[in-house]
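# Structural characterization, general
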Number of protein chains: 2
Amino acid sequence: MTRTLADPDLDAAAAFASDAASDGLAVSVVGACRVRFTGRAERRLPEGVRQLLWKPDDTLLVHGESGRDPDAWASGGAVAVEVERASGHASDDRLVVKSDGGAADALRVRFSAVHAATAFDPASADATVSGTESDLKERVLANPDLVEPGFRPLATERETPAGRVDVYGRDADGNVVAVELKNGRAGPSAASQLERYVTALRRDLHADATVRGILVAPGVTEKTRRLLAESGLTFSDVS
Amino acid sequence: MTRTLADPDLDAAAAFASDAASDGLAVSVVGACRVRFTGRAERRLPEGVRQLLWKPDDTLLVHGESGRDPDAWASGGAVAVEVERASGHASDDRLVVKSDGGAADALRVRFSAVHAATAFDPASADATVSGTESDLKERVLANPDLVEPGFRPLATERETPAGRVDVYGRDADGNVVAVELKNGRAGPSAASQLERYVTALRRDLHADATVRGILVAPGVTEKTRRLLAESGLTFSDVS
DNA sequence: TCGTAGATATCGCCT
DNA sequence: AGGCGATGTCTACGA
């Protein structure tokens, strides 16, 4: 199923890539190229050796020396391969792989040389995941005292004009409580988010209702702790 | 500089990958593998053909069938390669590439078979980028009327207890103005952010100062527009 | 399709 | 090293 080509000429590489793509395979191309992206932004990469990965869903990824994120990419567009013939020497020919996204986004990768190409039938993701914010929600519902002693959850994802409250309930004194969960260390945006929910609930509910906000996370930054205090909100540590 | 190996046995692949890594090269390995990540979350990928990219900065990427983001990854850890010997048949041996990040993050990729391996000397990113929020700031400073007629910018990235205001200035009437820039369509978090800044400035400045907030972006969602209105904030469209 | 919010977010800047 | 906010964020999930 997997096919490999070493040091092909550009015509061979182009044929190899298009054949693989029409067979529903992923193609990895390693070679010297220039890259240009235009659309939501403009980006250019100078001549250099990179790896291009062309997935069966027509995602294009250009990876260079470092980092988790690609140096350039395109997704959602139609991908085309061609060999640009130079008028002079054949050594000026270029293998061009390009994606033309619908919304003005366009990526063009121009190879002056291809060192290796591999085609393979890739596995779908189908991953098992745990340890996310949704797991934290399960934990809180199973053990509401994590929020605070006496807390009783009444709903999850409750709608407000400002967005959905992760967990909605009442405290031991019967006050309305909005709980915002964060899976990691909480920053200022979490405090703002919670404040928006609390403000929206105060407006929506009867004027005599007391609405409290509790941020539940395994840690909080100092500035965020201060912001919470200034807004009369509570932090509950679940480390 | 670029080297390729087709259908190597696991020992050859292991030697190839470690040699390439010690030469400061990037290595692409295509083969059948299982993947496990533990740390901030847990994730497992079942047996399947994927591409592993091992960059010189010890970033590991595992790419499958679709999507721009890798199905699994690790960065910042030390990467090790080894062949796990099975007690029975040699066909039960596994090529293991693993990254042990400092903070409990660990990625392990176990290949049962390697179909192709390529080593190459990758180019550094060194990209030219434009069209970002910082470009929008340039535009606003060059032409303050984009914010509103008569606006005069006085500072950028002005510090407040709630964070840095993108552009700080005064309007035609001499009122203090906090400007928040968004490069894309602005959502509720942008409104919250601006409100935090305005509140902080009102607290910091003399009580008699009027502080206004203006969100400048190429569009805004409906809910956000309502949030802005409720907080007495202004939206300025720069499409 | 649009809006909203999470993510093993990553990345870059500044303290 | 940690906080903070942008990102061509991407991606999943609802309305």
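Look up a bit, the structure's there.
Here's what I pulled together on the structure shown here. (Residues numbered from 1 in each chain as written. Chains lettered and ligands numbered in written order. Predicted model: local features only at pLDDT ≥ 70, side-chain atom pairs only at ≥ 80, totals over all residues. Heavy atoms only, no water.)

### Considerations on the pairing of strand β8 (residues 106-120) of chain A
Residues and elements named next belong to chain A. So the rule is basically this: At least two bridges found by DSSP between two strands is the condition for calling them paired. Here a strand is any run of E in DSSP of at least two residues, a helix any run of H or I of at least four, and the numbering for each starts at the N terminus.
Across 4 bridges, the pairing between strand β1 (residues 3-6) and β8 is antiparallel. Each bridged residue has a counterpart across the sheet, and for A6 the counterpart in β8 is A116. Two elements, strand β7 (residues 94-100) and β8, share 6 bridges in a ladder whose sense is antiparallel. Among the inter-strand pairings, K98 is bridged to a residue of β8, identified as R108.

### A word on empty space enclosed by the protein
All names here are of chain A. Stated formally: Points on a 1 Å grid over protein atoms alone make up a cavity when a 1.4 Å probe fits among them but cannot get out, and a pocket when they form an open set with protein on both sides within 12 Å along at least five of seven lines; lining residues each have an atom within 4 Å of a point. Grid points are joined across faces, edges and corners, and a volume is the space filled by probe spheres set on the points. Under the convention adopted here, Pro, Cys and the residues Ala, Val, Leu, Ile, Met, Phe, Trp and Tyr are nonpolar, Asp, Glu, Lys and Arg are charged, and Gly plus all remaining residues are polar.
Under the defined criterion, the tally for this structure stands at 2 cavities of 30 Å³ or more. Its volume calculated, the largest cavity comes out at about 50 Å³. Along its surface, the largest cavity is lined by A17, V27, V29, L52, W54, V81, L95, V97 and F111. Listing elements by their share of the lining of the largest cavity, those giving two or more residues are β2 (26-38), β3 (42-54) and β7. Its residues assigned to classes, the lining of the largest cavity shows 9 nonpolar, no polar and no charged. When its volume is computed, the second largest cavity comes out at roughly 40 Å³.

### Thoughts on unusual backbone geometry
Residue and element names in this part refer to chain A. We apply this condition: Burial classification: accessible surface area is computed with a 1.4 Å probe over protein chains only, and a residue below 20% of its type maximum counts as buried, one above 50% as exposed, and the rest as partly exposed.
Even without being glycine, E157 reaches a positive phi, approximately 55 degrees. Counting through the fold element by element, E157 comes out in strand β10 (residues 152-160). Using a relative accessible area of 31% as the deciding quantity, one classes E157 as partly exposed.

### Structural notes on the relation of the copies chain A and chain B
Worth spelling out the cut-off: The least-squares superposition of copies is restricted to C-alpha atoms, and to residues with a pLDDT of at least 70 in both copies. Contacts are residue-level and defined by heavy atoms, with any inter-residue pair within 4.5 Å sufficient.
Note on the identical chains: chain A maps onto chain B by a rotation of 180 degrees and an axial translation of 0.1 Å, with an RMSD of 0.2 Å. Such values leave the two copies arranged in the relation of a two-fold axis. Scanning chain A for the C-alpha nearest the rotation axis identifies S192 of chain A, at a separation of 3.1 Å. Taken together, the interface assignments show that 98% of the residues at the interface of chain A recur at the interface of chain B, consistent with an identical surface on both copies.

### Concerning the packing of aromatic side chains
Rule in force here: Each Phe, Tyr or Trp ring, with Trp reduced to its six-membered ring, pairs with another whose centre is within 6.5 Å; inter-plane angles below 30 degrees give stacked pairs, above 60 give edge-to-face pairs, and intermediate values give tilted ones. For a Lys NZ or an Arg CZ to count as sitting over a ring, it must be within 6 Å of the ring centre and within 35 degrees of the ring normal.
Using the criterion set out here, one finds 0 aromatic pairs over all chains in the structure. When the ring centre of W73 of chain B is taken as origin, the NZ or CZ atom of R68 of chain A, which lies over that ring, is 4.2 Å away. Over the ring of Y168 of chain A we find R158 of chain A; its NZ or CZ atom is 4.4 Å from the centre of that ring.

### As for the environment of A41 of chain B
Here A41 of chain B shows up in the loop between β2 (26-38) and β3 (42-54). As a C-alpha pair, A41 of chain B and G184 of chain B span 143 residues in sequence and 30 Å in three-dimensional space. Ignoring anything within four residues of it in the chain, the contact list for A41 of chain B reads S130 and G131 of chain A.

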